[in-house]
Amino acid sequence: MSDGAVLHVKGRVLTGPEDVRDELWVVGGRISYDRPVGARDVTTVTGWALPGLVDAHCHVGLGAEGPVDTETAEKQALTDRETGTLLIRDAGSPSDTRWIDDRADLPKIIRAGRHIARTRRYLRGYAWEIEPEDLVAYVAREARRGDGWVKLVGDWIDRGVGDLTPCWPREAVEAGIAEAHRLGARVTAHCFAENSLRDLVEAGIDCVEHATGLTEDLIPLFAERGVAIVPTLVNIATFPKLAAGGDDKYPRWSAHMRRLHERRYDTVRAAYDAGIPVYVGTDAGGSLPHGLVAEEVAELVTAGIPPVRALAATTWSARTWLGRPGLEEGAPADLVVYEADPRADVRVLAAPRRVVLDGRVVE
């Protein structure tokens, strides 16, 4: 398409779960619901249009051993784009990916800076590894480095105990979260276990990643405080394999991981039923491949979340939560077009017909 070209999306435009329009126009990379006067160079795309999908827990620039080179990071971002993910909340990366902001052909990224972990309590090469007395200073650093988010590692295996334990004293997370909020950033935390959650939520955390340890007694607290969860069920599916690797050395940890896996769907459904906001995230990067958003939406449906709500968790609701527009008048034209109605069958998300980024058809 030339700079003066107009894109016409025709069929069903899902601006909300029940708000369906017949068409939209893209002029100068922006959405319009008014036919442009005198448009000549018009490309028409037909189908069911959604806002560009959101992966709210993704890691661009991160590999199994830590940071990756620019070429690898580009391939990660392109894989996400090919599957319709056009907005990423990068939940921790040791790589500088600011160069992606200058690429109109790559997804938009909201960064959480680099993970902040306790010394020797996380995957090597991923995080700043510090002690509690330094937490406020590192939170301030990453709040300034990121795009309005900071990522803590809330719990991890304690090899001396042989099981998951919290990483931070209560007073440290209170001070760290307060500092992030003072600087205008929200805070999220990696949490697998049950016993790390109460202190983080009562300290004012905004979101919890994975949240496999969410129990019946904690659900009302999350709901009351409006703390969102990003379950990353495609990642939790790997727990049995991880557990098998620890059977000999850390049997308590292995058994715990299996229990968390076994109740994963019940945990997510109970959270949803209680009104806790649930969003789609894949945990791509590290050990998982990119491009898994459709699989994660399907997993939420398997957990018992109604298909339209699972769809909203990667489109309209997710974009509102992250402060980014959907298919609104004047918004950047980031959208995905499908053959059929994804509200009727979320498996449609696995096969985009067209991907439009900043008003250009890129797939």
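Our subject is the structure listed above.
As the structure is a computational prediction, the values presented were derived from the model and not from experiment.

Chemist: When you look at the overall build of the protein chain in this model, what are you seeing that I'm missing?
Modeler: The number of helices and strands found in the protein chain is 12 helices and 20 strands. Computed over the C-alpha atoms, the radius of gyration of the protein chain is 21 Å, within 12% of the 21 Å expected from 2.2 N^0.38 for a compact globule of 363 residues. Each principal axis of the C-alpha atoms in the protein chain carries an extent, and together these give about 70 × 40 × 35 Å. A total of 363 residues make up the protein chain; the buried ones form 55% of that total. For the protein chain, restricting intrachain contacts to residue pairs at least 6 apart in sequence, the fraction spanning at least 24 positions comes to 65%. Of the charged side chains in the protein chain, 44 are positive and 56 negative; the average position of the first set lies 1 Å away from that of the second.

Chemist: Quick question: what am I supposed to make of the pairing of strand β7 (residues 85–90) here?
Modeler: Regular strands place their side chains on alternate faces of the sheet. The buried fraction of β7 is high, at 6 of 6 residues. Both strand β5 (residues 53–63) and β7 contribute to a ladder of 4 bridges, which runs parallel. The residue bridging D55 from the neighbouring strand is I88, located in β7. Sheet topology places β7 next to strand β8 (residues 108–111); 4 bridges connect them, and they run parallel. Within the sheet, the bridge partner assigned to R89 lies in β8 and is I110.

Chemist: Would you take a moment to explain the sheet that holds strand β1 (residues 6–14) for this structure?
Modeler: Picture the strands of a sheet paired through backbone hydrogen bonds; they go either parallel or antiparallel. Read from one edge of the open sheet, 7 strands run β3-β2-β1-β4-β18-β19-β20, paired in mixed fashion. Every interior strand has two partners, whereas the edge strands, β3 (30–32) and β20 (360–361), have only one. Here 7 bridges tie β1 to strand β2 (residues 20–27), and the two strands are oriented antiparallel to one another. Bridging across to β2, L7 finds its partner in V26.

Chemist: Can you walk me through the packing of aromatic side chains in this structure?
Modeler: Describing an aromatic ring pair means giving the distance of the ring centres and the angle of the ring planes. Considering all chains together, one arrives at 7 aromatic pairs under this definition. For the pair Y279 and W321, a centre-to-centre distance of 4.2 Å together with 10° between the ring planes defines the contact as stacked. In this pair, Y279 is assigned in the loop between α9 (264–273) and β17 (284–286) and W321 in helix α12 (residues 316–322), connecting sequence segments 42 residues apart. Here Y279 and W321 have matching classes, each one buried. Within the aromatic cluster, the residues linked to one another by ring pairs are Y122, Y126, W156, F192 and F239. The lysine or arginine in question, R114, covers the ring of W128, its NZ or CZ lying 4.5 Å from the ring centre. Above the ring of Y265, the side-chain terminus of R264 is found at 4.2 Å from the ring centroid.

Chemist: Honestly, the nonpolar core in this entry has me stumped. Any pointers?
Modeler: Soluble globular proteins: nonpolar side chains tend toward being buried together. Core analysis: the biggest nonpolar cluster contains 77 residues, and V150, I205, L214, F222 and L300 have the highest contact counts within it. When sequence neighbours within four positions are dropped, the list of residues in contact with L300 reads P231, L233, V268, V278, V280, I305, A310 and A313. In this structure, V9, A333, L335 and V356 belong to the second largest nonpolar core, which totals 14 residues.

Chemist: Even after reading the chapter, I still don't get helix α3 (residues 170–182), so can you show me in this structure?
Modeler: Since the α-helix packs 3.6 residues into each turn, any two residues three or four apart lie on the same face. Between its first and last C-alpha atoms α3 spans 18 Å; for 13 residues at 1.5 Å apiece the expected length is 18 Å, and the two agree. Taken as a whole, α3 has its buried residues at A172, V173, G176, I177, E179 and A180. Looking straight down α3, one finds that the buried residues subtend no more than 155° of arc, so they occupy a single side. The exposed set on the far side of α3, more than 90 degrees from its buried face, consists of E171 and R182. Along its buried surface, α3 packs onto α2 (135–145), β11 (149–153), β14 (186–191) and α4 (197–202). Looking one or two places after α3, you find G184, whose phi comes out positive at around 85°.

Chemist: In this structure, what is going on with the side chain of T85? I would like to understand it.
Modeler: Tracing the backbone shows T85 in strand β7. Every residue in contact with T85, bar those within four places of it in the chain, is listed here: L53, V54, D55, D80, P107 and V293.

Chemist: Honestly, the pattern of salt bridges in this entry has me stumped. Any pointers?
Modeler: One side chain can pair with another of opposite charge once the charged atoms of both are near each other. As enumerated under the stated definition, the model contains 28 salt bridges in all. Between R81 and E363 there is a salt bridge; the shortest N-O distance is 2.4 Å. Of the two residues, R81 is situated in helix α1 (residues 70–82) and E363 in the segment after β20; the sequence distance between them amounts to 282 residues. On the accessibility criterion, R81 (9% relative accessible area) is buried. Take E363: its relative accessible area is 33%, and that puts it in the partly exposed class.

Chemist: Just checking my understanding: could you explain the packing of helix α7 (residues 239–246) against helix α8 (residues 251–262) for this structure?
Modeler: At a minimum axis separation of 8 Å, α7 and α8 run at an interaxial angle of 165°. Taken as axis vectors, α7 and α8 run roughly antiparallel relative to one another. Handedness of the α7/α8 crossing: left-handed. Contacts between α7 and α8 involve F239, P240, L242, A243, A244 and G246 from the former and P251, W253, S254, M257, R258, L260 and H261 from the latter. Tallied by class, residues from the contact of α7 with α8 come to 9 nonpolar, 3 polar and 1 charged.

Chemist: Which parts of the structure should I look at to understand the side chain of S254?
Modeler: Among the secondary structure elements, S254 is positioned in helix α8. The exposure class of S254 is buried, given its relative accessible area of 0%. A polar atom in the side chain of S254 sits 3.2 Å from the backbone oxygen of G246. Discounting residues that sit within four places of it in the chain, S254 has contacts with A243, G246 and D247.

Here is what the cut-offs are and how they apply
Residues numbered from 1 in each chain as written. Predicted model: local features only at pLDDT ≥ 70, side-chain atom pairs only at ≥ 80, totals over all residues. Heavy atoms only, no water. Helix = DSSP H or I, 4+ residues; strand = E, 2+ residues; numbered from the N terminus. Rg over C-alpha atoms; globule rule 2.2 N^0.38 Å. Buried < 20%, exposed > 50% of the residue type's maximum accessible area, 1.4 Å probe, protein only. Contact = heavy atoms within 4.5 Å. Lys, Arg positive; Asp, Glu negative; His and termini not counted. Charge placed at Lys NZ, Arg CZ, Asp CG, Glu CD. Pairing = 2+ DSSP bridges. Phe/Tyr/Trp six-rings, centres within 6.5 Å; stacked < 30°, edge-to-face > 60°. Lys NZ or Arg CZ within 6 Å of the ring centre and 35° of its normal. Core = buried A, V, L, I, M, F, W, Y, C linked by side-chain atoms within 4.5 Å. Expected span 1.5 Å × (residues − 1). Arc of directions from axis to C-beta. Salt bridge = Lys/Arg side-chain N within 4 Å of Asp/Glu carboxyl O. Axes fitted to C-alpha atoms, helices over the stretch in contact; angles between N-to-C directions. Parallel < 35°, antiparallel > 145°, perpendicular 65-115°, else oblique. Left-handed = near helix turned anticlockwise from the far one by under 90°. Nonpolar A, V, L, I, M, F, W, Y, C, P; charged D, E, K, R; others polar. Polar contact = N/O pair within 3.5 Å; in protein donor to acceptor, adjacent residues only side chain to side chain.

These results come straight from atomic positions and should not be treated as a statement about function.
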